[in-house]
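# Overview (structure and organization)
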Amino acid sequence: MDESGIATNVARAITTALDWTSSADTRAAAYSYLETIKAGDTRVLANTSFLLVKRDWSPEIRLHAFKMLQHLVRLRWDQLNPVERRNFANLAVDLMSEIANPCEEWALKSQTAALVAEILRSEGLSLWQELLPSIITLSNMGPIQAELVSMMLRWLPEDITVHNEDLEGDRRRILLRGLSQSLSEIFPLLYTLLERNYGAAIMEAGRQQMDIAKQHAAAVTAAVNAVNAYAEWAPLPELAKYGIIYGCGFLLTSPDFRLHACEFFKIVSQRRRPVDDASEFDSAMRNVIEILMNVTRDFFYKSTSGAGSSESEFEFAEYICESLVSLGSTNLQCIAFDSTVFSFYLQQMLGFFQNSKLALHYQSLLFWLSLMRDLMSKSKTALADYSNMGTGQADTEKRKILALITDDICSALLDTSFQRMLKKEKVHSGMAPTVGTLELWSDDFDSKVDFSQYRSRLLELIRFIASDKPLLAAAKVSGKITEVIKSLMLVHVPTKDLAIIESMHLALENIVGSIFDGSNDYSKKNTEVQLSLHRTLEGLLQQLISLKWTEPTLVEVLGHYLDAMGPFLRYCPDAVGSVINKLFELLTSLPFMVKDPSTSTARRARLQICTSFIRIAKAANESLLPHMKGIASTMSHLQTEGVLLRAEQNLLGEAFLIMASSAGVQQQHEVLLWLLEPLSKQWTQPEWQEAYLADPASLVRLCAETRFMWSIFHTVTFFEKALKRSGFRKGSFSSENSSKTNSPAGHPMVSHLLWMLPPLLKLLRALHSLWSPSVAQALPGEMRAAMIMSDAESTSLLGEGKHKFSKGALAFNDGSQLEVSKEAYSEASETDIRNWLRGIRDSGYSILGLSATLGDSFFRSVDPHFVILALMENIQYMEFRHIKQLVHLALVPLIKYCPSDLWEVWLEKLLHPLLIHVWEALSCSWSSLLQDGKAKVPDLHGILAGSDLKVEVMEEKLLRDLTREICFLFSVLASPGLNAGLPSLEHAGQTSHMDDSSKTDLNAFACSSMVGFVLNKKSLAVPVLKICIEAFRWTDSEAMSKVSSLCGQVVLLAISTNNMELREFVCKDLFSAIIQGLTLESNAFISADLVGLCREIFVYLSDRDSSPKQILLSLPCITLQDLLTFEEALSKTGSPKEQKQHMKSLLIMATGNKLKALATQKGVNVITNVTTRSRNLDTAPESSRDEGDAIGLAAIT
């Protein structure tokens, strides 16, 4: 068939393939035909494609033909001879001339330019030199031709700026070298195109020749886009030498092109300073700095001159600020070389920080935070620009820069930070005088950053300033709080202005914490500074103590302010007594009995005051010790009077435990005895256990006895707090007794475990039994409803935003909550029962996990049978979220801290039922998810509300959470601390070729390696290894990363021991599963580790088991000779890194590049600005061609 006939057939196939009204089979046949043409004779492909790019065909056919030509150049160029390649190149350049027509679509022009660039990249520097004259001539013919040439120049470095797997190694280096050598021709050409077309656009717009002006504007835009592609990698001195920096700087003065030029400065401002001779770089970068600072100066002049600034001006200023921030982060040394320039720069960044526009302020905040973080850091290489200096020189430079950050600058930063601690949604109209014209943070400002993250950055900046200038920070925050308090007293309804005073307590907390924390060496400051600080903060403290607030919301805020002073109290012990008295005064001033505890501001305020005791106890350390007896006396009095709720007792008791941890072992024992003895009398009584824990029906009765139910709850949660808070702080004791008291045997909770745990285990066992089908069916409706997942948990699983909690609620990790103030004076609701069950479960698991950390004291005194019975009896009925909590809070610590000689007694029976169940459950759920798109999990039974899609999302989230937790448990099994008896891989490799009779038996590792113990127990090994194998098919990279560590230890034991069964599993099942896992794109993150495992198996085991070789030979694209060549390559290097690379290359080749985890993304053929941010720039000129109503230069971009 002649070429025109083939072209007609190809055109018909393209039309069919793009026609979605055609049948699937017809489209598939068309695609197959097109692939046949692409893979067939290169000359037929070339001639056919060149025919189809002519104007005679539709745009869709022409576009596809261009892509076929690009395919030929990229992948089959070497199949043409030199003469054919030259003719091909000339035809492509001629196409650029032909397509330079106003009527042609932009997409076709871009693909023409891309084709020429592809040819130049493939053919190299010689072709560039040959075509340059004709390209320059073409660019001089008119604005459309100039635009095409700029597009082509933009495409040339595409394989440098966008990674492409087809241009690795030498070819990539050759391209970079060729382009670098051609910059002396490319940059002058680009500068000429910028200058000529910018001038012509201005001139034609002045003549009202808007169509021609638009063409010139499009050429300018294309030239700037091309410049930006080189700005990422071309030497900065070259950009300066050929006027590119100057030209883009000039465009910043043009409202029509300045946003495009901003992209250039954003890119170059991020360029790193070279380590060697950087004088030319510094000179070029100073040009950049000067241009940006001049533009910034003009912006501030317009803003303050009364002329005002439009939204477009603010948008432009934001981009300039972004570049200045990048300069300060990556090239500070180029700015700081001249103190005058640097001072001016700091003033400009301060101006942005103080600007009323939130976007400008936020950009500047990132700069100030980065600068102060580097300057205040004690790391020797904290300041990136000075990392190649000696420590002394770097410290000197830091001191010079810090000296330029004056008190006035810091004062202004603090003032603005205090103002911006408010959120827009929290401000009412009456606060306008305080807020002024500031554009405060709003929820719709940045979808990636919420207000809490923004405020935490402000607070971090405040901490750095306080660390550097403590007197200034203390005076500023004290003055601001005094001002707020005075203004609050003048308001008739002070609670309306709570937002301001609530925000300032965070500022106070961070300033006081920064000044008085241990790392700041407060005690080393000179006496005058200390006295001044004490005067300032004592004055503020006395003012706070003197406040007579009784409104619960104000009392709550005052509690926050008092506990914020905690670190100061460490150095001002004389003030501790008055603070404690004030807290008790606030506590007793609030009503004890309320109608509805869940909505009571008084109840919430009482809890906050009790929490303040905890915070002060943590911060003030030994300063509270002289007051412990007084606090205990007051607590006892309040308890006797019956005006202290159990939740409040728990919080105050927790504070007491923290105080005791600073006092010594004897004091801790006494405090625990005082706190726990009353609880033990009730907790150990057999009557309540027989009445409420004998069977599931008894537990149902307990939930009907609401007062006793919540009493049990508070007892259990306090046991958890006692275990968490008791113990010894590092550095709290002298060296003579620290070793003794820090040992688990000396832990003050050891003596309480024997009476604490048995009833708890009974309670957990009874709770678990509720989910067994026979019991669940007989439960009352309210009880069954309480066992169903809450709305808050569902919302959390769906990721639909944070559930709004009432203050005073205990928040769980998944977003649900529990009212810690519950005292049960009314009948328990469904929600109350659900929260009670959840709290008992989580605290119970946590108590077991914390007890396990005591080591021998726990494991040798507690009967493992009762623990295993309580946790595992009904494991098969537990929901996924419950198993996850059990594993995380209880089982992981039990595994970590169990003595090795008790592994068999404890761990085999504990892990076997868990592993059997989760293997079956996960296998079933993952099969359902991968095959049907729905993960079948037990947690959502009974939940009818919501769409099917939402249920599917929740099911998948629950499945992935449990999968990751089980795989985390596997990583714990494989952790180095539990496998100290295993040899290193290098040592094992040296013995890998020894005869089996000379190798160690697997049983020898059962006492010194947790993995050895698991593999030696078939009841554990089988489910563990089956889960590992199946995990390679599950599309969860996080779980896979955890499993891989266990697989590594399994491989190591297979190499080190003579166990044939284990070796066969590793060589056959595991090796095959790893390769299967590499077919999943989700495993790309862990692919290096998986290839490493393949390498270890092949290198150390393939001589003893032929399975790895057979599996490789079974892959579709490998021959025996390929395998022999691979083995030869391995034998020539002992480097694990090089061997892994050989293994990776072999796997890619053997599978026909089907291993998605090893695939790298190719560059995509679209012209883009090299940017990480949407700029609303019109890179395609046709997007503005319909703007018929535009006037002047606004019409040409």
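If you're wondering where the values come from, they're calculated on a predicted model, not measured in any experiment. (Residues numbered from 1 in each chain as written. Predicted model: local features only at pLDDT ≥ 70, side-chain atom pairs only at ≥ 80, totals over all residues. Heavy atoms only, no water.)

### Focus: the overall build of the protein chain
Each helix and strand in the protein chain was counted, giving 56 helices and two strands. Within the protein chain, contacts between residues at least 6 apart in sequence are counted, and of these 75% link residues at least 24 apart. As displayed, the protein chain offers around 50700 Å² of accessible surface, 52% of which is attributable to carbon and sulfur atoms. (Helix = DSSP H or I, 4+ residues; strand = E, 2+ residues; numbered from the N terminus. Contact = heavy atoms within 4.5 Å. Areas by Shrake-Rupley, 256 points an atom, 1.4 Å probe, with all protein chains shown as cover.)

### Here we look at the packing of helix α27 (residues 552-564) against helix α30 (residues 601-620)
Running from N to C, α27 and α30 point in directions that differ by 5°, and their axes come no closer than 8 Å. By the angle between their axes, α27 is roughly parallel relative to α30. Seen from α27, the contacting residues are Pro552, Thr553, Val555, Glu556, Gly559, His560, Leu562 and Asp563; seen from α30, they are Thr601, Ala602, Arg604, Ala605, Gln608, Ile609, Ser612, Arg615 and Ile616. In terms of residue class, the contact of α27 with α30 is built from seven nonpolar, six polar and four charged. (Axes fitted to C-alpha atoms, helices over the stretch in contact; angles between N-to-C directions. Parallel < 35°, antiparallel > 145°, perpendicular 65-115°, else oblique. Nonpolar A, V, L, I, M, F, W, Y, C, P; charged D, E, K, R; others polar.)

### Focus on the packing of aromatic side chains
Aromatic ring pairs: the centre-centre distance and the angle between the two ring planes describe each pair. Inspection of every chain in the model, using the stated rule, returns 35 aromatic pairs. Pairing Phe50 with Phe88 gives two aromatic rings, centres 4.9 Å apart and planes at 65°, and the pair type is edge-to-face. Taken as a pair, Phe50 in helix α3 (residues 42-52) and Phe88 in helix α5 (residues 82-99) lie far apart in primary sequence, 38 residues in all. For Phe50, a relative accessible area of 11% gives the class buried. Each ring, one from Tyr345 and one from Phe367, has its centre 5.4 Å from the other, and the planes form 85°; the classification is edge-to-face. With Tyr345 in helix α18 (residues 339-354) and Phe367 in helix α19 (residues 358-376), the pair connects residues that are 22 residues apart, well separated along the chain. Feature note: the residues Trp683, Trp688, Tyr692, Phe708, Phe719 and Trp755 constitute an aromatic cluster, connected by ring pairs. Over the aromatic face of Phe337 sits the side chain of Arg286, whose NZ or CZ is 3.7 Å from the ring centroid. Sitting over the face of the ring of Phe314, Lys357 holds its NZ or CZ atom 5.2 Å from the ring centroid. (Phe/Tyr/Trp six-rings, centres within 6.5 Å; stacked < 30°, edge-to-face > 60°. Buried < 20%, exposed > 50% of the residue type's maximum accessible area, 1.4 Å probe, protein only. Lys NZ or Arg CZ within 6 Å of the ring centre and 35° of its normal.)

### A closer look at the environment of Ala474
Relative to the elements of secondary structure, Ala474 occurs in helix α24 (residues 470-489). Taking the relative accessible area as the measure of exposure, Ala474 reaches 1% and is therefore buried. Sequence separation between Ala474 and Leu537 is 63 residues; the distance between their C-alpha atoms is 7.1 Å.

### Observations regarding the nonpolar core
With 397 residues, the main nonpolar core has Phe88, Met152, Leu153, Tyr230, Trp368, Trp836 and Leu871 as its most contacted residues. In contact with Leu871, not counting residues within four places along its chain, are Leu764, His768, Tyr845, Leu848, Met878, Leu886, Leu891, Leu894 and Leu910. (Core = buried A, V, L, I, M, F, W, Y, C linked by side-chain atoms within 4.5 Å.)

### Observations regarding the pattern of salt bridges
Here the structure, examined in full by the defined rule, presents 49 salt bridges. Residues Lys302 and Glu313 are paired through a salt bridge, measuring 3.9 Å at the closest nitrogen-oxygen approach. Placement of Lys302 in helix α15 (residues 279-304) and of Glu313 in helix α16 (residues 311-330) is noted, with a sequence separation of eleven residues between them. Under the relative-accessibility criterion, Lys302 is labelled partly exposed at 39%. The exposure class of Glu313 is buried, given its relative accessible area of 17%. Lys469 is paired through a salt bridge with Asp407; the nearest N and O atoms lie 3.2 Å apart. Of the two residues, Lys469 sits in the loop between α23 (451-468) and α24 while Asp407 sits in helix α21 (residues 407-419), which places them 62 residues apart along the sequence. (Salt bridge = Lys/Arg side-chain N within 4 Å of Asp/Glu carboxyl O.)

### A word on α18
With 16 residues, α18 extends 22 Å between its outermost C-alpha atoms, agreeing within 8% with the 22 Å of an ideal straight helix rising 1.5 Å per residue. Looking only at α18, the buried set comprises Phe342, Tyr345, Leu346, Gln348, Met349, Leu350, Gly351, Phe352 and Phe353. Between a side-chain oxygen at the N-terminus of α18 and the backbone nitrogen of Thr340 the separation is 2.8 Å; the capping residue is Asp338. (Expected span 1.5 Å × (residues − 1). Polar contact = N/O pair within 3.5 Å; in protein donor to acceptor, adjacent residues only side chain to side chain.)

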